[in-house]
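# Fold and contact review
Here's the letter readout for the chains.
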Amino acid sequence: LSLTPSAPGALALRNLEPDDPPSEAWRFRETVMTAMTAMIPVLARAFAGLRIVVRPHPSENHQRWRQAAAGLANVEVVHEGTVAPWLMAASCAVHNGCTTAIEGRLVGTPVVAYRPVTSPDYEVELPNQVGATAVDPDGLVATVRALIGGGRPLPLKAAERATLAPYIAALDGP
């Protein structure tokens, strides 16, 4: 199981820091980050027999993720190498507006967009359009459980293929 946190949306053009003047974009991103870190222990308990790898976005404060994973034996925060091998090894990837979801689907990894809050102004739209969606912790656990039980690789669905076709060359080969 792999977790890929959020990347900035269309109006959140830079990394915001907690001491920045409050803005709508900052509040949205902070709400998403809080929800994403809060789901780590939920997933760790629900999937105690699985290794959960949290792979922070390069621009994020990795210490925040380490704090969320502290004391959870089956969770580790890792940011090394390229994302492709991690996605290929994952039984499922959880994200929020991260292009890693697109990469995951292209290699057959099931993905879940965890969207406890939404914003047309601040979310990255395309990654949230592939894979499944969950809006609360219980729904996330149920969705991940269903996806990891479905086998791999998970071929692109027709709707995912249609969504990605304008952006990805050679979805069907060379």
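Residues numbered from 1 in each chain as written. Predicted model: local features only at pLDDT ≥ 70, side-chain atom pairs only at ≥ 80, totals over all residues. Heavy atoms only, no water.

### Some remarks on the overall build of the protein
- Helix and strand content of the protein: six helices and six strands.
- Start at the N end of the protein and walk to the C end: the helices and strands fall as β-α-β-α-β-α-β-α-β-β-α-α.
- Classification of the 174 residues of the protein by burial places 44% in the buried group.
- For the protein, restricting intrachain contacts to residue pairs at least 6 apart in sequence, the fraction spanning at least 24 positions comes to 64%.
- When the accessible surface of the protein is split by element, carbon and sulfur atoms take 57% of a total near 8700 Å². (Helix = DSSP H or I, 4+ residues; strand = E, 2+ residues; numbered from the N terminus. Buried < 20%, exposed > 50% of the residue type's maximum accessible area, 1.4 Å probe, protein only. Contact = heavy atoms within 4.5 Å. Areas by Shrake-Rupley, 256 points an atom, 1.4 Å probe, with all protein chains shown as cover.)

### Some points on the pattern of salt bridges
- Following the criterion strictly, the structure yields four salt bridges and no others.
- The shortest N-O distance in the salt bridge between Arg51 and Glu76 comes to 2.5 Å. Of this pair, Arg51 sits in the loop between α1 (24-46) and β2 (52-54) while Glu76 sits in strand β3 (residues 75-77), and the two are 25 residues apart along the sequence.
- For Arg51, a relative accessible area of 47% translates into the label partly exposed.
- Residue Glu76 is classed as partly exposed on the basis of its relative accessible area of 32%.
- Where Arg115 meets Glu123, a salt bridge forms, and the shortest distance between an N and an O atom there is 2.8 Å.
- Taking the relative accessible area as the measure of exposure, Glu123 reaches 11% and is therefore buried. (Salt bridge = Lys/Arg side-chain N within 4 Å of Asp/Glu carboxyl O.)

### Things to note about the side chain of Thr143
- By the secondary structure assignment, Thr143 is in helix α5 (residues 137-148).
- At a separation of 2.7 Å, a polar atom in the side chain of Thr143 contacts the main-chain carbonyl oxygen of Gly139.
- For Thr143, the residues in contact, after removing those within four places along its chain, are Val112, Ala132, Thr133 and Ala134. (Polar contact = N/O pair within 3.5 Å; in protein donor to acceptor, adjacent residues only side chain to side chain.)

### Some thoughts on a nonpolar patch on the surface
- On the surface, Met88, Leu106 and Val107 cluster together into a nonpolar patch covering about 260 Å² of accessible area.
- Considering the arrangement of structural elements, one finds Met88 in helix α3 (residues 83-89).
- Judged by its relative accessible area of 54%, Met88 falls in the exposed class. (Patch = residues over 30% accessible without salt bridge, like charges linked within 9 Å, V, L, I, M, F, W, Y side chains within 5 Å.)

### What to know about the packing of α1 against α5
- The N-to-C vectors of α1 and α5 enclose an angle of 45°; their axes lie 10 Å apart at closest approach. On the basis of their axis angle, the class for α1 and α5 is oblique. The crossing of α1 and α5 is right-handed. On the side of α1, the interface is formed by Met39, Val42, Leu43 and Ala46, while α5 contributes Pro137, Leu140, Val141 and Arg145. (Axes fitted to C-alpha atoms, helices over the stretch in contact; angles between N-to-C directions. Parallel < 35°, antiparallel > 145°, perpendicular 65-115°, else oblique. Left-handed = near helix turned anticlockwise from the far one by under 90°.)

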